[in-house]
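Descriptive structure summary
Each chain, written out:
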Amino acid sequence: MSVETDLLVDRRVLRRKLSVWRVLAFLFLALALIVAYFALIGTSALQHRSPHIARIKLDGFVGDQTANLKLFDQIAASPAVGVIVDINSPGGTTSGGEALYDGLRKLSAKKPTVAVIDGLGASAAYMAAIGTDHIVARRSALVGSIGVLVQYPNVSKLLDTIGVTVEAVKSSPLKAAPDGVTPTSPEARAALASVVNDTYGWFKDLVRDRRKYDDAGLAAVSDGRIFTGKQALDLKLIDETGDESTAITWLNTSKSVAKDLPVEDWDKPSVSSSFPFAKAGAAWLADSVGLKSLGDVIRAAPETQPGALDGLVSVWHP
């Protein structure tokens with residue numbers, strides 16, 4: 001009888017231990033999911049609950065803009081009463097610049113926006129700047145580089161030297177041309193030039209519309225060169241020289257935004273899984289507490305990989 005009693009007591013103790021571990025595992029899983037949720041949507045939307053001036057930073061290479069477009073939507077729905085777009089970028093993909101321009105025009109319809117070019121606002125980054133309502137740049141900042149290009153290496157002579165021939169069967173002569181391993185034909189070069197010129201014309205039309213240029217004025221600024229902030233002001237590429245305080249003054253005088261409001265940084269929400277080990281751990285914890293279906297969902301969640309530099313670019317570099 002005493003043996004059966006001991007076994008019963010041991011079972012109860014074991015059940016209690018298992019229950020405690022299951023509760024702890026469930027709490028850990030819940031915490032992991034909360035962290036993952038905030039990493040996905042960003043915490044900015046929860047932090048900024050009172051009137052303020054939002055600051056967005058656009059720096060580095062302009063590529064995929066999924067995160068920034070989500071950020072613009074969050075700011076549009078927030079108590080922010082004005083937006084400063086802090087730009088320090090050489091540009092990047094033309095499609096990335098187009099996405100920024102469209103997103104900032106959409107945001108500008110709901111909140112007054114002003115760009116501040118701190119050091120460099122060229123090519124696709126300048127395309128983003130003209131999407132705002134007003135452009136400020138430091139006197140010594142570099143502005144402009146309005147243009148589009150496609151670059152590709154051609155190693156056909158090198159391959160001839162080492163005796164390598166790359167053969168291909170194509171559905172048509174211009175398929176995958178230029179390919180970099182055979183001499184570029186005049187037809188392929190002309191086809192590529194038409195694509196570049198079409199996008200270049202579109203870029204110039206944006207500048208013409210936003211900066212109110214006539215043909216002569218547009219020609220003076222759209223040959224691909226860069227300008228200092230002072231030169232850009234004289235050529236009407238920007239509205240003022242100055243810094244963030246200049247932008248705040250403009251928001252106050254032109255859009256009735258109070259000057260004493262705090263300027264708060266908005267962080268971009270994550271659009272990819274930056275914590276693969278956390279993802280695997282969350283899936284394992286879900287399995288361990290009997291939520292296998294949830295574990296399968298976590299494991300199957302797609303991850304956005306950074307895109308390669310491909311296609312048309314609008315970028316400046318010395």
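Residues numbered from 1 in each chain as written. Predicted model: local features only at pLDDT ≥ 70, side-chain atom pairs only at ≥ 80, totals over all residues. Heavy atoms only, no water.

1. What about the overall build of the protein chain?
The secondary structure content of the protein chain amounts to 12 helices and 9 strands. The buried share of the protein chain, taken over its 318 residues, is 36%. In the protein chain, of all internal contacts separated by at least 6 residues, the share reaching a separation of at least 24 is 76%. If you sum the accessible surface of the protein chain, you get close to 18,100 Å²; carbon and sulfur atoms cover 59% of it. (Helix = DSSP H or I, 4+ residues; strand = E, 2+ residues; numbered from the N terminus. Buried < 20%, exposed > 50% of the residue type's maximum accessible area, 1.4 Å probe, protein only. Contact = heavy atoms within 4.5 Å. Areas by Shrake-Rupley, 256 points an atom, 1.4 Å probe, with all protein chains shown as cover.)

2. Topic: the environment of Phe203
Mapping Phe203 onto the fold places it in helix H7 (residues 186–211). Taking C-alpha positions, Phe203 is 9.2 Å from Ser222, a pair spaced 19 residues apart along the chain.

3. With respect to the nonpolar core
Counting 43 residues, the largest nonpolar core has Ile75 and Tyr126 as its most contacted members. The contacts of Tyr126, once residues within four sequence positions are left out, are Gly121, Ile135, Val143, Gly144, Ile146, Val207, Arg211 and Leu237. If you look at the next biggest cluster of nonpolar residues, it comprises 11 residues, including Ile84, Ala247, Trp250 and Leu261. (Core = buried A, V, L, I, M, F, W, Y, C linked by side-chain atoms within 4.5 Å.)

4. Quick look at unusual backbone geometry
In the segment running from Ala177 into Pro178, the intervening peptide bond is cis, with an omega of 0°. Tracing the chain through its elements places Pro178 in the loop between helix H6 (156–162) and H7. Its identity is not glycine, yet Lys212 carries a phi of approximately 60°, on the positive side. Tracing the backbone shows Lys212 in the loop between H7 and helix H8 (215–221). With relative accessibility at 62%, the residue Lys212 sits in the exposed group. A positive phi angle, close to 60°, is found at Ser256, a residue other than glycine. Relative to the helices and strands, Ser256 is located in the loop between helix H10 (244–255) and strand S8 (263–265).

5. Digging into a nonpolar patch on the surface
Residues Val155, Leu158, Ile162, Val164 and Val166 make up a contiguous nonpolar surface patch of about 400 Å² in total accessible area. Structurally, the position occupied by Leu158 is in helix H6. (Patch = residues over 30% accessible without salt bridge, like charges linked within 9 Å, V, L, I, M, F, W, Y side chains within 5 Å. Salt bridge = Lys/Arg side-chain N within 4 Å of Asp/Glu carboxyl O.)

These figures capture arrangement, not role.
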